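A closer look at the structure
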Amino acid sequence: MVKQQEEVKNVVRKKVRMTPSEAIVETLVAEGIREVYGIVGSAFMDMLDLFPTAGIRFLPVRHEQSAAHMADAYTRVSGTAGVVIGQNGPGITNMVTSVAAANQAHTPMVIISPSAGTPSVGWDGFQEANQVSIFEDITKETVRVTHKSRVADCLRTAFRIAYAERGPVLYDIPRDLFYGELEDEILEPRQYRVDNRGSGDPASIQAAVNLLKNASNPVILSGRGVVDAEGVDTVKKIAEHLTAPVAVSYMHNDAFPADHHLAVGPIGYMGSKAAMYTLQKADVVLAIGTRLSVFGTLPCYDIDYFPKAAKIIQIDINPRHIARTHPVEIGIIGDAKATSDAIYHQLSQKAQDRPKNQHRLDDISKLKTAWEQELIDLAMEDGNPINPRRALLELTRALPENTIISTDIGNVSSTANAYLKFNQTRRHIAALTFGNTGFAYPAALGAQLAEPDSPVVAIIGDGAWGMSLHEVSTAVEQNIPVIACVFNNKSWAAEKKNQVDYYDNRFVGSNIQAPDFAEVAKSMGALGYTINNPNEMEPVIKEVLEMRKPAVLNIFVDGTQLAPPFRKDALKMPTRYLDKYKHLDYEAWRK
């Protein structure tokens, strides 16, 4: 038996002769990578040539920024780290914005970053840039290949850190190191990284259980970590045991099923008033898998809802996030599901006959009913030609339950936070707190590739659409049947609202003139529709869903019906001291 084990070990550990390109591609195959996003370039062509035989699909985009947005969404839906690649220099630097967005979204990703060849580094050669320094602050790590024999080892390190620290990692490889030969072994992921994080400190779990057991108004806040860890079912059990309402963190509306009787909806900008009024009364907050971001907990609708006196139990896999923005009573470093399982196990053992709190259930039901009616009433106000809220309401009513929806940043896209409800996880793909426009459409493409059979819709403003409409040709070329819903109010509406409220309707740079987006879509080979009436929404959406082709819906909405400013915390009424600008002073026009 010992001899047999030694023979197996020798087979497994045997090194083989390969080229660096082969070692990289085989490591990607071992990691389960099926798609890589980018634009073809000479720097990595030797590796690219291996992709078809290896079973890896190269997804060519029209702009490298789109590549990392696609990979970001692919990962959020599939759970597998996305991989992007580009030409050294401008190809890689074009990804800065989308990699930074993925970093703030805590999305595991590997950026294969070919760099200038080692013989010419420092000579300011063609397409040379110090890519490592550019990406150091927007990735979890930058891993540099220093010798061709290390290409597989360094790529394994990149994947290990990307999954362990939940974010993008730059894998920088001089372009000449794709060539030559080496001897190495291709390891399985289990041999170089560990995914099981455990449930955290037992004493802290015990303290959390005691705090929850004695709480009068416990509220649960479920975040992205719960989705990633597949922990929603356990969160349900804890909530039902405690009769605790469950809110979801900002723009993670799929972190708890909306149809559950204890669900109160999302917090954060344009979230749910039901969630905010509920959280306001909490004496204990169980925050699971959320970093409790500053922007995601700011007052909204003039409701300062995040409780100041409540005792917070924060569970996160990353110790850097615990108590970073709000002081905690108990912090637990652990996997969202494993820790929730441990908490529920102890709760259920300690009080098996804990009665349901009918009074709380009634309060939750009243708050939800009132908020739902308010949303409908706001949507049914007339608009010219369509109230944007009405368009959002009709859109959500028309879509199947399993639809994946990506949202951009902007006035209408952010208002969608109040209207989007999900009963399954990995359905809501939002731009989140990096807040860059042009996210939603390429993200929708990546989400569709992760789940080819699910409907995928992108909610985008016309400003953001100008940054992403070129990828319609990618959708057509690759037959990716995403529906782009472009809310066209002929403006950068979020900034326009600032100019309405703070600058006396002086519109500088916020009005947009654009071509007919539906006709542009048709010219690119996609379906194109123009919608001027809310009653057209449902039949058009159903028609497009049946056709399963890339489509663009140019939805004209009222440019005067605007949501509150994003950053009321950071805006002030203008003061002017120079005579030349006195007429622009707040005191001069507020009367």
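Looking now at the sheet that holds strand β10 (residues 246–248). One open sheet holds the six strands; their spatial order is β11-β10-β9-β12-β13-β14, and the pairing between them is parallel. The open sheet has two edge strands, β11 (263–266) and β14 (330–333), and neither has a second partner. Each strand axis lies, on average, 15 degrees off the axis of its neighbour in the sheet, ignoring direction. The pairing of strand β13 (residues 311–316) with β14 spans four bridges and is parallel. Within the sheet, the bridge partner assigned to D316 lies in β14 and is I333.

Attention now goes to the pattern of salt bridges. One pass over the structure, following the stated rule, counts 22 salt bridges. Among the ionic pairs, R62 bridges to E477, the shortest N-O distance being 3.2 Å. Highlighted residues: R62 in the loop between β3 (57–60) and α5 (64–78) and E477 in helix α20 (residues 472–478), separated in sequence by 415 residues. According to the relative accessible area criterion, R62 is partly exposed, its value standing at 34%. Note on E477: relative accessible area 45%, which makes it partly exposed. In this structure, K421 and E372 form a salt bridge, with 3.5 Å as the shortest nitrogen-oxygen distance. One end of the pair, K421, is in the loop between α17 (411–419) and β16 (428–430); the other, E372, is in helix α15 (residues 358–379), with 49 residues separating them in the sequence. A residue is classified by how much of its surface remains accessible, and K421, at 42% relative accessible area, is partly exposed. Here the residues in one salt-bridge network are R166, R224, D228, E230 and R426, joined through shared partners.

Moving on: the nonpolar core. Ranked by size, the top nonpolar core spans 66 residues in total, and within it L212, I220, Y269, L286, I288, I313 and I343 carry the most contacts. Apart from the residues lying within four places of it in its own chain, the contact partners of L286 are L212, V219, I220, L221, I238, I313, I315 and I343. Of all hydrophobic cores here, the second largest spans 48 residues; its members include I92, A464, V482 and V552.

Here the focus is the environment of S21. Relative to the elements of secondary structure, S21 occurs in helix α2 (residues 20–30). Residues S21 and N210, spaced 189 residues apart in sequence, show a C-alpha to C-alpha distance of 55 Å. Polar side-chain contacts of S21 include one of 2.7 Å to the side chain of D46.

With that settled, the discussion passes to the layout of surface pockets. By volume, the largest pocket amounts to about 770 Å³. What lines the largest pocket is a set of 40 residues, among which R166, R224, G225, D228 and I317 lie closest to the centre. Elements that contribute at least two residues to the lining of the largest pocket include exactly α9 (151–165), α11 (224–228) and β13. Looking at the lining of the largest pocket element by element, the count peaks at three residues for α11. Taken together, the residues that form the lining of the largest pocket break down as 10 nonpolar, 17 polar and 13 charged.

Our next topic: the packing of α15 against helix α16 (residues 388–398). Two quantities define a packed helix pair, namely the angle between the helix axes and the distance between the axes. It is at 7 Å that the axes of α15 and α16 come closest, and there the two elements cross at 120 degrees. The angle between α15 and α16 places the two elements in the oblique class. On α16, the residues touching L375, I376, L378 and A379 of α15 are R389, R390, L393 and R397.

A separate point is the sheet that holds strand β5 (residues 109–115). Strand order in the open sheet formed by six strands is β3-β2-β4-β5-β7-β6, and the pairing between neighbours is parallel. Taken across any chain shown, the strands that pair with only one partner, and hence form the sheet edges, are β3 and β6 (141–144). The sheet shows a mean angle of 25 degrees between the axes of neighbouring strands, direction not considered. With seven bridges joining them, β5 and strand β7 (residues 168–174) adopt parallel strand pairing. Bridging from a neighbouring strand, P114 pairs with I173 of β7.

Mapped onto the elements of the fold, Q478 is located in helix α20. Taking relative accessible area as the criterion, Q478 reaches 18% and is therefore assigned buried. Here Q478 is in contact with R57, L59 and P60, once residues within four sequence places are set aside.

Okay, the pairing of strand β4 (residues 82–85) next. Both faces of β4 are covered, namely the face carrying G82 and V84 and the face carrying V83 and I85. Across two bridges, the pairing between strand β2 (residues 35–38) and β4 is parallel. Each bridged residue has a counterpart across the sheet, and for Y37 the counterpart in β4 is V84. Where β4 and β5 come together, four bridges link them in parallel fashion. Pairing of I85 across the sheet is with I112, part of β5.

How each quantity is defined
The residue numbering used here restarts from 1 in each chain and proceeds along that chain's sequence as written. Under the rules for a predicted model, residues below a pLDDT of 70 receive no local features and side-chain atom pairs below 80 are neither given nor counted, while totals for whole chains, interfaces and linings still include all residues. Note: side-chain values were computed over all heavy atoms of the structure, leaving out hydrogens and water. Two strands qualify as a pair provided DSSP detects at least 2 bridges between them. Secondary structure elements are taken from DSSP: a helix is a run of H or I of four residues or more, a strand is a run of E of two residues or more, and numbering for both begins at the N terminus. Orientation is described by axes fitted as lines to C-alpha atoms, over the contacting stretch for helices, and by angles from 0 to 180 degrees between their N-to-C directions. Put simply, a salt bridge is a Lys or Arg side-chain nitrogen that is within 4 Å of an Asp or Glu carboxyl oxygen. Between buried and exposed lies partly exposed: a residue is buried under 20% and exposed over 50% of the maximum accessible area for its type, with that area taken using a 1.4 Å probe on protein chains only. Side-chain atoms within 4.5 Å link the members of a nonpolar core, which is a set of buried Ala, Val, Leu, Ile, Met, Phe, Trp, Tyr and Cys residues. Contacts between residues were defined by any pair of non-hydrogen atoms, one from each residue, lying within 4.5 Å. Side-chain atoms alone can form a polar contact between residues adjacent in sequence; in general such a contact is a pair of N or O atoms within 3.5 Å, and within protein one must be able to donate a hydrogen while the other accepts it. Here a cavity denotes grid points, spaced 1 Å and computed from the protein atoms alone, that fit a 1.4 Å probe unable to get out, and a pocket denotes an open set having protein on both sides within 12 Å along at least 5 of 7 lines; residues with an atom within 4 Å of a point are the lining. Grid points are joined across faces, edges and corners, and a volume is the space filled by probe spheres set on the points. Basically, the charged four are Asp, Glu, Lys and Arg, the nonpolar ten are Ala, Val, Leu, Ile, Met, Phe, Trp, Tyr, Cys and Pro, and anything else, Gly included, counts as polar. Each angle receives one of four descriptions, namely roughly parallel if under 35 degrees, roughly antiparallel if over 145, roughly perpendicular if within 65 to 115, and oblique otherwise.

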